[in-house]
Amino acid sequence: MKPRIWLSFDGRPWQELADDDNGTIAVSRIAARTRLRPDSLTVGDDSLGIFEGITIQDIRSVLGSTAGTARECAVPVDGDALQPGPADSKDRSGELIKPMLLPQLQHLPRNEFDLARILFPEPPGKLAVSRNIYRWLLLSEADVAEKYLLGADDSVVTGHLTASLTRRFRDARSEMHVSMFVGNIFHDIFWLMEVYSGLQFQYELLFNCNEVTGDSLSGSTRERSRPDTLITASGCTFLVGEDKLSSLTAALEDLRTKIRPLSSMFYGDLACILGYVAAGTNFQWVCIDKSGDIKKAGNCLSLSSTVGRSQFLLSVGYAYQLIMKMALSVPFVLGRRAMFTRENQGDREIAFYPGFVRKSIKNFQRFCDAWGTNIDLILRAYELGETCRFLPRICLIGDTAIHHNSYRVDIRPIGYSPVLGTEQDTRMLAQNVCEALSVLHEAGLVHRDIRLQNILQVSKEQFMLIDLETVAASPFRVPPGFKWFKEWSDATLEGAVYTPLSDMYQLGILLERRMRWESPGAKDFIRRLKTKQCSAAMALDDPWISNPTS
């Protein structure tokens, strides 16, 4: 029999959570029985959120015991979260969230002082909580209730805010508990703002993103790895957060090791983005400026106090509104990737960091065998980037490693998808790619995968040929059964051999598909590439490339 966990409310069995096959708890049924979403439910005094993917062991570690047998475990649940019943048919959530809205922002923050004024306005907004909680706090903490709260009828907003405000968070037992408490608040408040405020934009919240050294949940994170929390929109990261078990100073120092100057190409005139550090029951907003400098914004909040949680909930709502404004202000950049995000393509992963990209390949030997390359050829290609600005180069502060048959390389610079608005843009791309191919060919290498997806625009007048993991020794004799690259055709090869002229042929096909102009010089250049009449070095002397007026 699979293990079971019973939720109990006021000592009464309430609902069973059944394990699925991988040992996690399916909680989707809970939503139909409560006013709140599953990820807002809390367990015990340590406020462990129940959400898809949490394990029985996680719950037991928070409870501090192995209550029940291996087959059963009763979980007490505090607060209003599990009171069953249908939602109020006259839900006033849209009205009750209005006291959490900022007045029209006249300008985006330029420094930590501007950011603090936005996150902690005077007078502050108000949180709509249940009338019972409001009356109780009027008796016990009148100053807090009068300044930050208002009593309201039952609604989705009221239920969420009441549960978040009364969620007890005293002594964190691990970094995971800090991350889950903070993460649940961000998730809930952003969801409420998105659904009920009338202010909507496309964003993504990513939690528990860091890479921990060793096996400890509260261990130090790897240098230049990802922060714990990310909020992205419009292909940019606008908030990063770092959680620690007990030391805000350690969290701040950890965050500083991960942040680099912000790219103007990505962020335009935006002067700063948001950040936070959390440790134990303390939370501190920070301002991250264009240079990558991190400064505290406002006072440290104690999440163990009612006033601290009130300020925290309100400030997260203000952060939502600020990030929306920031996302609308950044320039449009095609193919931009938010820093600290990742893309997975089977065994290959690309992680985007401030100023560099980390490429990883699992089962590297299998990759090499499949594509006819090896680590020596790949590293030789990247070394050429040190003298050719149209090829990527390995970061001087990074490292390259093959460990346990896994490959990793940190490369720079970062670019974006090419924007070819004019014939001059296309001419510049062709010239830069020919420069890169000339260097590769002279070194005895062929690229083999010349596609627009493998060309990045670094600046208005600079393009870069990337994905050097596809290089091979020249000429490359195609073995029987070899899987062709995506853009190959019979005309690409010379017999069963891929030569430097094959690279030039692929470039000709790319330009022909993208060229929208009728310039005679362009047509003749493409014809020469497709008929394999010129090498990369010869192409650089072509009138269309060398003489912009042709």
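The notes below deal with the structure included here. Please read these numbers as outputs of a predicted model, since none were measured by experiment.

A look at the state of the cysteines
And then number 1: Under the counting rule described, the total for this entry stands at zero disulfides.
And then number 2: Cysteine Cys-434 is unpaired, with the sulfur of Cys-534 as its nearest cysteine sulfur at 7.2 Å.

Description of the pairing of strand β17 (residues 356-361)
And then number 1: The element β17 is largely enclosed, with a buried count of six among its six residues.
And then number 2: Side-chain alternation along β17 places Phe-356, Arg-358 and Ser-360 on one buried face and Val-357, Lys-359 and Ile-361 on a second face that is also buried.
And then number 3: Sheet analysis places strand β16 (residues 348-353) next to β17, joined by six bridges and oriented antiparallel. Note that in β17 the partner of Ile-350 across the bridge is Lys-359.
And then number 4: Connecting β16 to the next strand, β17, in antiparallel fashion are two residues, including Gly-355 with a positive phi near 90°.
And then number 5: Where β17 and strand β20 (residues 406-412) come together, five bridges link them in antiparallel fashion. From the neighbouring strand, Arg-358 faces β20, where its bridge partner is Asp-410.

Considering the nonpolar core
And then number 1: Counting 148 residues, the largest nonpolar core has Phe-186, Phe-238, Leu-274, Phe-283 and Trp-285 as the members making the most contacts within it.
And then number 2: Of all the elements, helix α10 (residues 306-329) adds the most residues to this core, at twelve residues.
And then number 3: Look past the residues within four positions of Phe-283 in its chain and what remains in contact with it is Val-182, Phe-186, Tyr-276, Val-277, Ala-278, Asn-299, Cys-300, Leu-301, Leu-303 and Phe-312.

Focus: the environment of Asn-454
And then number 1: As for its placement among the helices and strands, Asn-454 is situated in the loop between β21 (445-446) and β22 (455-459).
And then number 2: Assessed through its relative accessible area of 5%, Asn-454 is described here as buried.
And then number 3: Along the chain, Asn-454 and Ile-466 lie twelve residues apart, while their C-alpha atoms are 5.3 Å from each other.
And then number 4: Those residues in contact with Asn-454, other than ones at most four positions away along the chain, are His-447, Asp-449, Met-464, Leu-465, Ile-466 and Asp-467.
And then number 5: A polar contact is formed between the side chain of Asn-454 and the backbone oxygen of Asp-449, at a distance of 2.9 Å.

Here we look at the side chain of Glu-112
And then number 1: Along the polypeptide, Glu-112 turns up in helix α3 (residues 112-119).
And then number 2: Although Glu-112 is buried, it makes no salt bridge; Lys-295 carries the closest opposite charge, 4.3 Å away.
And then number 3: For Glu-112, the residues in contact, after removing those within four places along its chain, are Cys-287, Lys-295, Lys-296 and Ala-297.

Quick notes on the rules
Residues numbered from 1 in each chain as written. Predicted model: local features only at pLDDT ≥ 70, side-chain atom pairs only at ≥ 80, totals over all residues. Heavy atoms only, no water. Disulfide = S-S within 2.5 Å. Buried < 20%, exposed > 50% of the residue type's maximum accessible area, 1.4 Å probe, protein only. Helix = DSSP H or I, 4+ residues; strand = E, 2+ residues; numbered from the N terminus. Pairing = 2+ DSSP bridges. Core = buried A, V, L, I, M, F, W, Y, C linked by side-chain atoms within 4.5 Å. Contact = heavy atoms within 4.5 Å. Polar contact = N/O pair within 3.5 Å; in protein donor to acceptor, adjacent residues only side chain to side chain. Lys, Arg positive; Asp, Glu negative; His and termini not counted. Salt bridge = Lys/Arg side-chain N within 4 Å of Asp/Glu carboxyl O.

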